[in-house]
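The chain contents come next:
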Amino acid sequence: MSESTDRSGFNSYFGFLMAAVGSAVGFGNIWGFPYKMGTHGGFAFLICYLILAVLVGFAIMFGELFIGRREMLGPMGSYINIGKRNGKNLKFMGWLAMLSALFLMGFYCTLGGYVLKYTIANIGTLVNAGWGMSGEAGAYFTAFTTDQTQAVAWAVIFVVLTAFICIGGVSGGIEKFCKIGMPLLFVILIVIIIKSVTLPGSSAGLAFIFKPQWDMLMGKEFVNTLGSAGGQMFFSLSLGMGAMITYGSYLTKKENLESSAWIIVICDTIVALMAALAVFPAVFAFGMEPAGGPGLLFVTMQSVFDSMGAIGPVMGTLFYFLVTIAGISSSISLLEVVTVSLQEMTGKGDPNKGWSRKKAVLTGAVVVGIMNIIVALDGLGATGLPQPLGKCWLDFFDLLAEGIMMPFGALVMSIIVGWVIGKDAVVKEATLEGNKFHEVGMFMACTKVIAPIGMAFILLGQIDSFFGLGLFSL
Ligand code: TRP
């Protein structure tokens, strides 16, 4: 059998879409987007976000799906082959993809563990068990995250769940999970939105997210807003580390690359907006301060559920369960990148000659498990573990992945598609089996010029925000 025919992929196009949207929809949609939108200009932020998603996000999404489907390999094998054909050594891009997936997963699963714990604890409250939520939400969170045994245990459970699904294979594990999980997530989100926007006083939350603050688009604020929208956009779309290359490699030739890329971008944005509607109306209805990051997810939201009365534990269980699904569907796509990269590395470019899927998944899971044990032990920097660069371990891994490697990877990827691979090959792949490619001109302009400039700017913005250099807020 040839390399391409024995690559068993998704059973259905719907399965592929759910897996790709599942990869994109993650913690970033829930705790990143709504807060950034609220604090960086409301509707004005949304406009920046959408423009960047269309001009930069779409091009990189398309580029990654294109590379994967054309080469029918993950990032490691794809870049090795593209390099060989063009007299370049592009293996470093494969390494970059695998390492960013590892570093991102290195803390993502710890957060996943927190979310799992909160799901179970809310169920505990619901059934009035001793293991339910107790006390004030802030104190509970600190007590839990600094309880190293618990934090490590939940992180490890999350890694094991991820590995279990990945060992099941692309159609038998990943597709199965996402085909049920993503529609379920959508339905739960609607239930929570209905509850949230019908609470008395929720309109202040709607004003917080949507009210346009046009001054955020003026002068130096504009650079700031653009940087924040750009950083959020590329992270939320899972770009720049080969996740979409990997999923694209399982796509059959009859599917339309252009519309697939649009669907993923649009669905991810819709879920981010829905998350904003689910979260902030409720936060404001109970008179709480808006927040972002773990504070929003675990302290503010839990206080919201604590204040809701009898329905609180039901909503809490649904909410954290939804976030668990979002987390797992992202983390399986990360482990898939690591798995396929390991197989391709050990097979010198041909995954069929490398490690078995099981061996690769387990090896990846052990490495990721160790990283997460460190992050969980560190308890967001509150347990006195020695720390790199004066940052807590979570921020350190996040800096390496989200701050540097991923935006850099996305930048180089768009240059490779635009300048090394070129238009003819792109059009050929996108129009296989009678498919239409509508926006060729726009796509080429984006991938050659606009996306690289946009990503260079975003890379600077990420480094700036991680190190607090103040370049963007002069
Ligand atoms: N998009 C994910 C989120 O919003 C995070 C993420 C970035 C990711 N790159 C990824 C997830 C690659 C899976 C694969 O949380």
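Thresholds, definitions, all that
Residues numbered from 1 in each chain as written. Predicted model: local features only at pLDDT ≥ 70, side-chain atom pairs only at ≥ 80, totals over all residues. Heavy atoms only, no water. Phe/Tyr/Trp six-rings, centres within 6.5 Å; stacked < 30°, edge-to-face > 60°. Helix = DSSP H or I, 4+ residues; strand = E, 2+ residues; numbered from the N terminus. Buried < 20%, exposed > 50% of the residue type's maximum accessible area, 1.4 Å probe, protein only. Disulfide = S-S within 2.5 Å. Salt bridge = Lys/Arg side-chain N within 4 Å of Asp/Glu carboxyl O. Arc of directions from axis to C-beta. Contact = heavy atoms within 4.5 Å. Near = heavy atom within 4 Å. Polar contact = N/O pair within 3.5 Å; in protein donor to acceptor, adjacent residues only side chain to side chain. Areas by Shrake-Rupley, 256 points an atom, 1.4 Å probe, with all protein chains shown as cover. Nonpolar A, V, L, I, M, F, W, Y, C, P; charged D, E, K, R; others polar. Core = buried A, V, L, I, M, F, W, Y, C linked by side-chain atoms within 4.5 Å.

Quick look at the packing of aromatic side chains now. One pass over the structure, following the stated rule, counts 33 aromatic pairs. Measuring from centroid to centroid gives 6.0 Å for Phe58 and Phe62, while their planes differ by 45°, and the two rings are tilted. One end of the pair, Phe58, and the other, Phe62, are both in helix α3 (residues 43–71), four residues apart, so they sit about a helical turn from each other. Residue classification places Phe62 among the buried residues on the basis of a relative accessible area of 0%. Put simply, the rings of Tyr114, Tyr118, Tyr140, Phe141, Phe144, Phe298, Phe305, Phe319 and Tyr320 touch in pairs and so form one group of aromatic residues.

This part is about the state of the cysteines. Evaluation of the coordinates by the stated rule reveals zero disulfides. Residue Cys178 stays outside any disulfide, its sulfur separated by 9.7 Å from that of Cys166, the closest cysteine. Unpaired in this structure, Cys267 has its nearest cysteine sulfur neighbour in Cys178, at a distance of 13 Å. On the basis of relative accessible area, Cys267 is assigned to the partly exposed category, the value being 27%.

Moving on, we come to the pattern of salt bridges. Tallying each qualifying case throughout the model produces seven salt bridges. With a shortest N-O distance of 3.5 Å, Glu71 and Arg70 are connected by a salt bridge. Through salt bridges with shared partners, a single ionic network connects Arg69, Lys253 and Glu429.

When we look at burial in helix α17 (residues 423–430), the residues that qualify are Ala425, Val426, Glu429 and Ala430. One side of α17 carries all its buried residues, which in axial view fall inside an arc of 125°. Residues of α17 that are exposed and angled more than 90 degrees away from the buried face: Asp424 and Lys428. Structurally, α17 contributes buried residues whose contacts are with α3, α12 (257–285), α16 (393–421) and α18 (440–467).

The next thing to look at is the site of the ligand. Inspection of the region around the ligand gives 17 residues, with Ala24, Gly28, Tyr108, Phe235 and Ser236 positioned closest. Within the backbone of Phe27, one N or O atom sits 3.1 Å away from an oxygen atom of the ligand. Measuring from a nitrogen atom of the ligand, one finds a side-chain N or O atom of Ser238 at 3.1 Å. Taken by itself the ligand offers 360 Å² of open surface, and the protein chains cover 100% of this. Listed by contribution, the elements that provide at least two residues to the shell around the ligand are α1 (13–24), α2 (27–39), α5 (91–126), α10 (219–236) and α14 (312–346). Grouping the amino acids of the shell around the ligand by side-chain chemistry returns nine nonpolar, eight polar and no charged.

A few words on the nonpolar core. Nonpolar side chains tend to gather and get buried jointly when the protein is soluble and globular. Ranked by internal contacts, the top residues of the largest apolar core, which has 159 residues, are Phe62 and Phe319. Counting residues per element, this core draws most heavily on α5, which supplies 17 residues. Setting aside its immediate chain neighbours within four residues, Phe319 contacts Ile30, Ile192, Val279, Leu297, Met301 and Phe305.

It is worth spelling out unusual backbone geometry at this point. At Asn128, a residue that is not glycine, the phi angle is positive and equals roughly 60°. Looking at the element boundaries, Asn128 is found in the loop between α5 and α6 (137–145). Take Asn128: its relative accessible area is 72%, and that puts it in the exposed class. One non-glycine residue, Lys348, lies in the positive phi region at around 50°. Looking at the element boundaries, Lys348 is found in the loop between α14 and α15 (357–378). Taking the relative accessible area as the measure of exposure, Lys348 reaches 74% and is therefore exposed.

Mapped onto the elements, Lys254 comes out in the loop between α11 (243–248) and α12. Relative accessible area serves as the criterion here: at 51%, Lys254 is assigned to the exposed category. Lys254 sits 241 residues away from Tyr13 along the chain, and the two C-alpha atoms are 9.9 Å apart. Once residues lying within four places of it in the same chain are set aside, the contact partners of Lys254 are Arg69, Glu433 and Asn435.

Treat this as a map of the structure, not an account of what it does.
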